[in-house]
Amino acid sequence: MFKFELLKTAKDSKARLGKITTNHGEIETPIFMPVGTRATVKTMTPDELKEIGSQIILSNTYHLFLRPGTEIIEKAGGLHKFMNWDKPILTDSGGFQVFSLSDNRKITEEGVHFRSHIDGSKMFISPEKSIDIQNILGSDIIMAFDECAPYPVSHEYIDNSMRRTLRWAERCKVHHKNTDNQTLFGIIQGGMYKDLREISAREMVDMDFKGYSIGGLSVGEPIDLMNDILDFTTDFMPESKPRYLMGVGSPDYLFEAVERGVDMADCVLPTRIARNGTVLTHNGKIAIKNALYKEDFSALDKECDCYTCRNFSKAYIRHLFNVDEILGMRLATIHNLYFLLDMMKNIRESIRGDYFLEYKDDFYKKYGYK
Ligand code: PRF
Ligand code: ZN
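Residues numbered from 1 in each chain as written. Chains lettered and ligands numbered in written order. Predicted model: local features only at pLDDT ≥ 70, side-chain atom pairs only at ≥ 80, totals over all residues. Heavy atoms only, no water.

1. Some points on the overall build of the protein
Applicable threshold: To qualify as a helix, a DSSP run of H or I must reach at least 4 residues; to qualify as a strand, a run of E must reach at least 2; elements of each kind are numbered from the N terminus. Radius of gyration here uses only the C-alpha atoms, and the compact-globule reference equals 2.2 Å multiplied by the residue count raised to the power 0.38. Each residue is assigned to one of three classes by its accessible area relative to the maximum for its type, calculated with a 1.4 Å probe on protein chains only: buried under 20%, partly exposed between the two thresholds, exposed over 50%. Contact definition: two residues touch when any of their heavy atoms are within 4.5 Å. To measure how exposed things are, a 1.4 Å probe is used in the Shrake-Rupley method; for residues, cover is taken only from the protein chains shown. Positive charge is attributed to Lys and Arg, negative charge to Asp and Glu, and no charge count is given to His or to the chain ends. By convention, charge coordinates are those of NZ in Lys, CZ in Arg, CG in Asp, or CD in Glu.
Regarding its fold elements, the protein presents 15 helices and 16 strands. Over its C-alpha atoms the protein spans a radius of gyration of 20 Å, differing by no more than 12% from the 21 Å that the globule rule assigns to 370 residues. Projected onto its principal axes, the C-alpha coordinates of the protein cover approximately 60 × 50 × 40 Å. Within the protein, buried positions represent 56% of all 370 residues. Considering only contacts within the protein whose residues lie at least 6 apart along the sequence, 66% involve residues at least 24 apart. Accessible area of the protein: about 15500 Å², with a carbon and sulfur share of 49%. One finds the centroid of the 48 positive side-chain charges in the protein at a distance of 3 Å from the centroid of its 53 negative side-chain charges.

Structure (structure tokens):
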């Protein structure tokens, strides 16, 4: 079961309002997906994730393949049961992590040989193997195996890499049999080269996936370049299918993506920065360890209704970080995720009410962007 309904397209931009239905429930789009790389959104219980409004989480083939391994997750009855999360799960194919984390990679037409970043043991992931692993995980939305090319890199490199990713996508589609329960997305690559983005987008769309991801962006390029390539790419994508921008999760990147027609995004940013004491607020980021907050008994963000902001002060959370108490990380994570999920909810409301660009403008002014 997989359905995408496009409910509305904004008048002032390419922003869209939609709804995805999966076997594990509905997802309102545009949506931000918290990242649970190793079958846990770091520091958060599933109940807490639900309480802050998470509708879907992302997990990673690469990490779960290395540890605990597919055999254990299979015995547990799949990833949903293993981690006790009964809402939708999207898994990435390993096509990014294998390139960013592993050692001694060798890319062949068949797949990628690499050494585990944990114990150095020899590993291999091919398009077929990535699908097999994701089939065992039982995630609702699965990704084709791709290469996320580095930046900056030559036109020739991206040309070869993007065409191999197209052939790999075709192999994933042929190999994926569990189509009633799991929906496969193709990933558009092409680096920062428009001619290659166009080929990748057109060929992926011809293969008729149920949804399309945009990969190879937010890899270190300037935001204006990303916005330009993104705007160009979404024009080749069908209106009737969801569009997922991979690895984007700061407030400005999310607004810019939605404005250009993106429906889904994920990133470790809110959870990662929370663990080093960086907190998102309506007036910009703050470093909670700063001495400035030593005697500040107000909430992290006076406009936030999250559990953390309703119950604890900056001074207390600063203290927790300064003495390395794990509750500090938990409270900051709850707040940062709530902040982004609430922002996405406001974005959806603004598209519904035809004031998306005004909302963006107000948010940016207060946050201190631009
Ligand atoms: N491919 C895959 N996962 C990803 C990316 C990609 O290009 C990115 C790029 N920002 C993040 N995650 N498979
Ligand atoms: Zn809060």
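2. Thoughts on the packing of helix α10 (residues 251-259) against helix α14 (residues 326-352)
Where we set the bar: Helix axes are fitted only over the stretch in contact, all axes being lines through C-alpha atoms; the angle between N-to-C directions runs from 0 to 180 degrees. Here roughly perpendicular refers to angles of 65 to 115 degrees, roughly parallel to angles under 35, roughly antiparallel to angles over 145, and oblique to all remaining angles. Crossings are classed by handedness, with left-handed meaning an anticlockwise turn of the near helix from the far one by less than a right angle and right-handed meaning a clockwise turn. The nonpolar class holds Ala, Val, Leu, Ile, Met, Phe, Trp, Tyr, Cys and Pro. Asp, Glu, Lys and Arg form the charged class, and all remaining residues, Gly among them, are polar.
Where α10 meets α14, the closest approach of the two axes is 11 Å, and the angle between their N-to-C directions is 25 degrees. For the element pair α10 / α14, the angle class is roughly parallel. The interaxial crossing formed by α10 with α14 has right-handed handedness. The segment α10 lies against α14, with P251, L254, F255 and V258 engaging F339, L340, M343, M344, I347 and I351. Looking at the contact of α10 with α14, its residues break down into 10 nonpolar, no polar and no charged.

3. Examining the packing of aromatic side chains
The following threshold applies: Between the rings of Phe, Tyr and Trp (Trp by its six-membered ring), a pair exists once the centres lie within 6.5 Å; its type follows the angle of the planes, with under 30 degrees stacked, over 60 edge-to-face, and the other angles tilted.
Evaluation of the coordinates by the stated rule reveals 16 aromatic pairs. Both rings, one in F339 and one in F363, keep their centres 6.2 Å apart while their planes meet at 55 degrees; by these two values the pair is tilted. Residue F339 is located in helix α14, and its partner F363 is located in helix α15 (residues 356-367); the two are separated by 24 residues in the primary sequence. Both residues of the pair, F339 and F363, count as buried.

4. Things to note about the coordination of the zinc ion (ligand 2)
Each donor-metal-donor angle in an ideal tetrahedron of four donors is 109.5 degrees, and each such angle in an ideal octahedron of six donors is either 90 or 180 degrees. Convention followed: Water is absent from the atoms considered, so a metal site may look incomplete; donors are defined as N, O and S atoms within 2.8 Å of the metal, or 3.2 Å for Na, K and Ca. Geometry assignment treats four donors as tetrahedral when all angles are between 85 and 135 degrees, treats four as square planar and six as octahedral when opposite donors are over 155 degrees apart and all others between 65 and 115, and treats everything else as irregular.
The protein atoms donating to the zinc ion (ligand 2) are C304 (SG), C306 (SG), C309 (SG) and H335 (ND1), with metal-donor distances spanning 2.1 to 2.3 Å. Considering all four donor atoms around the zinc ion (ligand 2), angles at the metal cover 99 to 118 degrees and the coordination shape is tetrahedral. Binding-site remark: the zinc ion (ligand 2) is held by donors from one chain whose sequence spacing is C-x1-C-x2-C-x25-H. One end of the pair, C309, is in helix α12 (residues 307-311); the other, H335, is in helix α14, with 26 residues separating them in the sequence. The pair formed by C309 and H335 is uniform in burial state, with each residue classed as buried.

5. Thoughts on the site of ligand 1
Applicable threshold: For each residue, the test is whether any non-hydrogen atom lies within 4 Å of the molecule or strand; if one does, the residue is near. As used in this structure description, the phrase polar contact means that two N or O atoms lie within 3.5 Å; if the pair is within protein, one of them must be able to donate a hydrogen and the other to accept it, and residues adjacent in sequence are counted only when both atoms belong to side chains.
Contacts to ligand 1 come from D92, S93, F96, D146, C148, I187, Q189, G215, G216, L217, M246 and G247. Interatomic distance of 2.6 Å between a side-chain N/O atom of D92 and a nitrogen atom of ligand 1. For ligand 1, whose free accessible area comes to 320 Å², the fraction covered by protein is 96%. Split by residue class, the shell around ligand 1 holds five nonpolar, five polar and two charged.

6. Let's talk about the UniProt feature "domain: tRNA-guanine(15) transglycosylase-like" (unreviewed entry) in the protein
Quick reminder of the rule: UniProt positions are given in the numbering used here, feature names are shortened, and annotations may be inferred rather than shown by experiment.
The positions UniProt marks with the feature "domain: tRNA-guanine(15) transglycosylase-like" (unreviewed entry) are residues 13-367. The span residues 13-367 carries 43% helix and 18% strand; its end-to-end C-alpha distance comes to 21 Å.

7. A few points about the sheet that holds strand β2 (residues 16-22)
Short version of the rule: Pairing between strands requires that DSSP locate at least two bridges from one strand to the other.
What the three strands build is an open sheet, ordered β1-β2-β3; its pairing is antiparallel. The sheet is open, and its two borders are formed by β1 (2-9) and β3 (25-29), each paired with just one other strand. Along the sheet, successive strands turn relative to each other by an average axial angle of 15 degrees, direction set aside. Inspection of the sheet shows β2 paired to β3 by five bridges, in the antiparallel sense. Considered in β3, the bridge of I20 is made with I27. Each of β1, β2 and β3 touches α14; the most contacted strand, β2, lies at about 120 degrees to it.

8. A word on the nonpolar core
Counted only if it meets this: Residues grouped as a nonpolar core are buried Ala, Val, Leu, Ile, Met, Phe, Trp, Tyr and Cys residues, joined through side-chain atoms within 4.5 Å. An automatic or database domain assignment supplies the residue ranges for each domain.
By size, the foremost hydrophobic cluster in this structure holds 96 residues, and its most contacted members are L245, M343, I347 and F363. When residues in this core are grouped by element, the largest group, 12 residues, is from α14. Both domains that furnish three or more residues to this core are identified here as domain 1 (3-266) and domain 2 (274-335). Here M343 is in contact with P251, L254, F255, Y359 and F363, once residues within four sequence places are set aside. I31, V35, M143 and F185 belong to the second largest nonpolar core, which has 17 residues in total.

9. Comments concerning helix α9 (residues 223-234)
This is how the line gets drawn: Take the residue count of a helix, subtract one, and multiply by 1.5 Å to get its expected span.
With 12 residues, α9 ought to run about 16 Å at 1.5 Å a step, and its terminal C-alpha atoms sit 16 Å apart, in line with that. When we look at burial in α9, the residues that qualify are M226, N227, I229, L230, T233 and T234. Residues of α9 that are buried sit in contact with β11 (183-188), α8 (194-206), β12 (211-214), β13 (243-245) and α10.

10. Some remarks on the domain arrangement of the protein
Spelled out, the test is: Here the quantity called buried area is the total loss of accessible area, with a 1.4 Å probe, experienced by two parts when brought into contact, counted for both.
Examined at the domain level, the protein breaks down into domain 1 (3-266) and domain 2 (274-335). Look at where the C-alpha atoms of domain 1 and domain 2 centre, and you get two points 31 Å apart. The interface of domain 1 with domain 2 comprises seven residues on the first partner and eight residues on the second. Buried surface at the junction of domain 1 and domain 2, both sides included, amounts to about 650 Å², of which 62% is carbon and sulfur. For domain 1, the biggest contributors to the area lost against domain 2 are K42, T43 and M44; these three give 55% of the whole.

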